[in-house]
Amino acid sequence: MNKSIDTWNGQYYKQHSDSQLQRGLGTIESLTLHGDEAALDVGCGDGRITVALAKRLPHGSVLGLDLSESMINEAKKSFGDIPNVSFVNDNIITFATDKRFDLAVSFGTFHWISDQLGAFKNIFTLLKPGGRMVVKIGAERRGGPNLFESAKWKPLLEPKGQRWFPQTPEKGQAMLEACGFTAIDVRYEERTTTYSNQEALFDWLMGWVPHSTGLPLEQAQEFARDMVAGAVKEQGRSENIEQNGRAVVAIARKPV
Ligand SMILES: C[S@@+](CC[C@H](N)C(=O)[O-])C[C@H]1O[C@@H](n2cnc3c(N)ncnc32)[C@H](O)[C@@H]1O
């Protein structure tokens, strides 16, 4: 992969992404599984959700795929010796293999992909007939000002702008239909996370702000500090700071 575009830090993400982890684990727990499925985790990040899925598939396997070399290195370092788990550093839009999957999951990843239709098309190809897909896509963030549009930061982010491509159920549904998926269920899911203090919020933000803004580390830290200050001002407290939002949950099947 092209290292120059890797704005993720797998080690840091693993230490400061427990809210994402808990959301992913909740979905993994809720899946009805036979235990022998071949699964694909798209945008597997540090691999913690990938491994939770593998534990539910004692006679199956999971391939964790991620575009970030740093994330894949972290996943392999932590979980490289688990027999039914493997990791690959690749792009879901172009990833090709002869293997076909019973299940594809993806958490917190599609909203970082501009060509979501291309990604869905490739997942469709990678699934076996009758295979299932469960994807959660960021749709809306609340709980502080939108600095991406602020006078201070907007000029520094251009021409890239923010690397965040939120989704709506209507557009998600249309894309899945265009790919040929059936049994489509696309809906919003509300989410709230509370950070005990400003430092906890800052630490979580720094898991994705460097990627989202494309800013060098020191500027990304200033951006995150501004986000924390804005949230504190808006909510009128510096403890138990809320970050609200919603995701689009898309569930679909490849026809038999
Ligand atoms: C916020 S992390 C989510 C990690 C994990 N799924 C979780 O929920 O904690 C988003 C991941 O998506 C990956 N990603 C973004 N675009 C991708 C693409 N086109 N193909 C594969 N992975 C991609 C990033 O490299 C990053 O590791």
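Here the residue numbering is sequential within each chain, running from 1 through the sequence in written order. Residues qualify for local features only when their pLDDT is at least 70, as the model is predicted, and side-chain atom pairs are given and counted only at 80 or more; totals for whole chains, interfaces and linings, by contrast, use all residues.

**Brief notes about the nonpolar core**
Phase 1 of the analysis: Throughout this description, the term nonpolar core refers to a group of buried Ala, Val, Leu, Ile, Met, Phe, Trp, Tyr and Cys residues whose C-beta atoms join them within 7 Å. Every C-beta atom is placed from the backbone, and the number of other C-beta atoms within 10 Å of a residue's own sets its class: buried at 20 or more, exposed at 12 or fewer, partly exposed in between. Among the nonpolar cores identified, the biggest contains 48 residues, and Ala 39, Leu 40, Leu 53, Ala 104, Ile 123 and Leu 176 are the most heavily contacted of them.
Phase 2 of the analysis: Residues contacting Leu 176, with those up to four places away along its chain left out, are Phe 120, Phe 181, Ile 184, Val 186, Ala 250 and Ala 252.
Phase 3 of the analysis: One finds Leu 157, Val 209, Ala 224 and Ile 241 within the second-largest nonpolar core, a separate group that totals 16 residues. Distance between backbone-placed C-beta atoms decides contact: two residues are in contact if it is within 7 Å.

**Here's the deal with the sheet that holds strand 4 (residues 101–107)**
Phase 1 of the analysis: Only when DSSP finds a minimum of two bridges between them are two strands counted as paired. Only runs of H or I of at least four residues qualify as helices and only runs of E of at least two qualify as strands under DSSP, and these elements are numbered from the N terminus. One open sheet accounts for seven strands, arranged 3-2-1-4-5-7-6; its pairing is mixed. Across the chains shown, the open sheet's two edge strands, defined by having one partner strand only, are strand 3 (85–89) and strand 6 (182–197). Neighbouring strand axes in the sheet, compared pairwise and without regard to direction, differ in orientation by 20 degrees on average.
Phase 2 of the analysis: Bridge analysis of strand 4 against strand 5 (residues 127–142) gives six bridges, and the strand direction is parallel. Bridge pairing links Leu 103 to Arg 132 in strand 5. Only the contacting stretch of a helix is used when fitting its axis, a line to C-alpha atoms as for every element, and angles between N-to-C directions run 0 to 180 degrees.

**Overview of the pairing of strand 4**
Phase 1 of the analysis: Burial analysis of strand 4 places six of its seven residues in the buried class, the great majority of the element.
Phase 2 of the analysis: Bridging between strand 1 (residues 38–42) and strand 4 involves four bridges; their strand directions are parallel. Its bridge partner being in strand 4, Ala 39 is matched across the sheet by Leu 103.
Phase 3 of the analysis: Handedness of a crossover is defined as follows: with both strands directed away from the viewer, a clockwise route from the first strand across the helix to the second makes it right-handed. You can see the chain leave strand 4, run along helix 5 (residues 116–126) and come back into strand 5, and the turn it takes is right-handed.

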